[in-house]
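Observations on the model geometry
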Amino acid sequence: MKKIRIFPLIFLLLTVYTGCTKAFDNGNNDKDSNSKTAGLELPPGFEAVVVAENLGSGRHLAIRDNGDVYLQLRQSHDKGSTVAMRDTDGDGSADEIKYFADLPGTGIRIHNGYLYTSTRTTIQRFKFQGDQLLPEQNPETIVEGFPKQNQHAAKPFTFDGNGNMYVTVGGPSNACMEQTRTKGSPGQDPCPQLERHAGIWRFNDTNPGQTQLDDGYRYATGIRHAVALRWNPGADKLYAVQHGRDQLHQFFPDMYSTQDNAKLPAEEFLLVEDGSNFGWPYCYYNQMKEKKLLAPEYGGDRQKVGRCAEMDDPIMGFPGHYAPNDVLFYTTEQFPEKYRNGAFIAFHGSWNRAPEEQEGYNVVFVPFEGEKPSGDWEVFADGFAGVEEIQSPGDAEYRPTGLAVGPNGSLYVSESTSGKIWKIMYTGE
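First, a word on scope: everything that follows refers to the structure included in this document. (Residues numbered from 1 in each chain as written. Predicted model: local features only at pLDDT ≥ 70, side-chain atom pairs only at ≥ 80, totals over all residues. Heavy atoms only, no water.)

1. Considering the environment of Q303
Tracing the backbone through its elements, the reader meets Q303 in the loop between strand 20 (291–294) and strand 21 (316–318). Along the backbone, Q303 and T117 are 186 residues apart, and their C-alpha atoms lie at a distance of 42 Å. A distance of 3.1 Å separates a polar atom in the side chain of Q303 from a polar atom in the side chain of K289. (Helix = DSSP H or I, 4+ residues; strand = E, 2+ residues; numbered from the N terminus. Polar contact = N/O pair within 3.5 Å; in protein donor to acceptor, adjacent residues only side chain to side chain.)

2. Digging into a negative patch on the surface
A cluster of acidic residues, D87, D89, D91 and D95, forms a negative patch on the protein surface. Mapping D87 onto the fold places it in the loop between strand 4 (80–86) and strand 5 (96–100). Among the residues examined, D87 registers a relative accessible area of 31% and is labelled partly exposed. (Patch = residues over 30% accessible without salt bridge, like charges linked within 9 Å, V, L, I, M, F, W, Y side chains within 5 Å. Areas by Shrake-Rupley, 256 points an atom, 1.4 Å probe, with all protein chains shown as cover. Salt bridge = Lys/Arg side-chain N within 4 Å of Asp/Glu carboxyl O. Lys, Arg positive; Asp, Glu negative; His and termini not counted. Charge placed at Lys NZ, Arg CZ, Asp CG, Glu CD. Buried < 20%, exposed > 50% of the residue type's maximum accessible area, 1.4 Å probe, protein only.)

3. Describing the sheet that holds strand 1 (residues 46–52)
Here 4 strands make up an open sheet; going across it, the order is 1-30-29-28 and the pairing antiparallel. Since the sheet does not close on itself, it has two edges, and those belong to strand 1 and strand 28 (400–405), each with one partner. Put simply, the sheet's adjacent strands are angled 25° from each other on average, direction ignored. Summarising the sheet, strand 29 (residues 411–415) and strand 30 (residues 421–426) pair through 4 bridges and their orientation is antiparallel. From the neighbouring strand, S414 faces strand 30, where its bridge partner is I421. (Pairing = 2+ DSSP bridges. Axes fitted to C-alpha atoms, helices over the stretch in contact; angles between N-to-C directions.)

4. Considerations on the nonpolar core
Ranked by internal contacts, the top residues of the largest apolar core, which has 23 residues, are F344, V363, F380 and I424. Broken down by secondary-structure element, the contributors of at least two residues to this core are strand 1, strand 23 (343–347), strand 24 (362–366), strand 27 (378–381), strand 29 and strand 30. When residues in this core are grouped by element, the largest group, 3 residues, is from strand 1. (Core = buried A, V, L, I, M, F, W, Y, C linked by side-chain atoms within 4.5 Å.)

5. Some thoughts on the packing of aromatic side chains
Counted by the stated rule, this structure contains 37 aromatic pairs. Pairing Y116 with F159 gives two aromatic rings, centres 4.8 Å apart and planes at 70°, and the pair type is edge-to-face. On the criterion of sequence distance, the pair formed by Y116 in strand 7 (residues 114–118) and F159 in strand 10 (residues 157–159) is long-range, its members being 43 residues apart. The interplanar angle of 80° and the centroid separation of 4.9 Å between the aromatic rings of Y282 and Y298 together place this pair among those described as edge-to-face. In this pair, Y282 sits in the loop between strand 18 (276–277) and strand 19 (283–286) while Y298 sits in the loop between strand 20 and strand 21, placing the two residues 16 residues apart along the sequence. As far as burial versus exposure is concerned, Y282 and Y298 are alike and both buried. Through a chain of ring-to-ring contacts, the aromatic side chains of F46, Y330, F335, Y339, F344, F365, F380 and Y426 assemble into a single cluster. Sitting above the plane of the Y114 ring, R125 keeps its charged end 3.8 Å from the centroid. The positively charged end of R307 is found above the aromatic ring belonging to Y282, 4.4 Å away from the centroid. (Phe/Tyr/Trp six-rings, centres within 6.5 Å; stacked < 30°, edge-to-face > 60°. Lys NZ or Arg CZ within 6 Å of the ring centre and 35° of its normal.)

Rendered as structure tokens:
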């Protein structure tokens with residue numbers, strides 16, 4: 001009788017089994033479906049599911065009271081510029097997805113029975129049709145006539161619940177230099193761009209056919225670009241997080257090192273009051289020194305304060321070039337008590353920190369008490385980039401852009417690279 005060699009046989013069987021297992025994993029399961037956090041790094045007790053993916057260049061989000069999700073695209077998909085999604089079986093993922101309109105942009109909000117969206121030069125609204133997923137397809141233009149610009153043209157907006165709509169009009173340059181983005185060029189003084197740009201304008205929230213020149217009220221100025229804009233119902237105040245200026249080392253290498261350039265200036269968290277002036281382009285905020293300094297284009301030397309002493313300070317400064325693209329105040333009760341009334345901020349991620357590693361690409365949390373932060377910020381959701389080191393934005397798999405809260409208190413996050421949406425829930429497990 002022939003002897004059977006047991007150990008080689010066992011090794012062969014294990015090899016075959018392992019290979020089959022890997023083939024099954026690679027062919028039928030990705031890291032999202034195998035993880036309770038859908039590939040994200042979250043605090044203990046939180047889980048996540050993927051609502052939808054590969055939707056297009058996703059920007060801001062809005063969620064209806066019935067749970068329907070709406071995403072505005074920066075560029076039109078071949079089927080439309082706004083995506084409507086519905087979860088019909090309650091598993092958290094959208095199984096009905098429809099595109100509509102051809103009005104790409106960034107802003108999207110639900111207000112008084114309408115879905116409002118923005119392009120680079122207009123804000124329009126679509127009327128909802130009962131409980132149907134798609135709204136009516138004949139949008140009404142609420143504001144038009146914003147100036148055309150090549151930089152910082154997104155038009156985020158928010159509502160205060162008292163008949164007003166607030167719209168960001170970004171500054172169309174880096175620092176209002178005489179020669180745009182040119183080494184050593186001085187700044188224009190006064191900066192003519194402040195007349196129609198670099199601030200927040202207030203409009204009526206329902207009147208059609210308004211224009212910035214005829215109907216807009218300049219509520220605040222000196223804001224380079226605030227893609228993150230939100231009315232905080234708890235404090236009954238307007239808040240924004242602005243993109244700080246770029247390229248201090250590139251334009252003024254004798255004054256700023258590459259390390260300085262990576263850290264400065266701060267991304268500023270702003271409490272925006274009627275008449276606020278936050279100082280752009282004349283000033284920038286140094287979060288290490290906790291003060292506004294005169295920009296080098298206007299005679300600054302890293303120490304001078306000058307006219308910046310008269311400008312409004314932020315309520316918090318974040319590291320430079322994190323690119324804040326949305327802010328949301330958490331006023332529901334699914335999440336633990338520490339998150340109540342605090343702010344979540346989506347950071348799109350930097351490009352202007354080379355040769356240092358790029359940073360951001362996450363969602364952070366800021367605790368609040370009343371109108372102001374009550375403690376330091378902390379990273380809430382991470383892992384979007386998918387790589388340990390990010391040398392350029394192209395290395396990042398996903399870049400957080402939009403935030404919204406669902407009717408049951410879950411936090412939704414959109415990203416701009418391929419158009420993926422996560423739903424983050426607290427389970428306590």
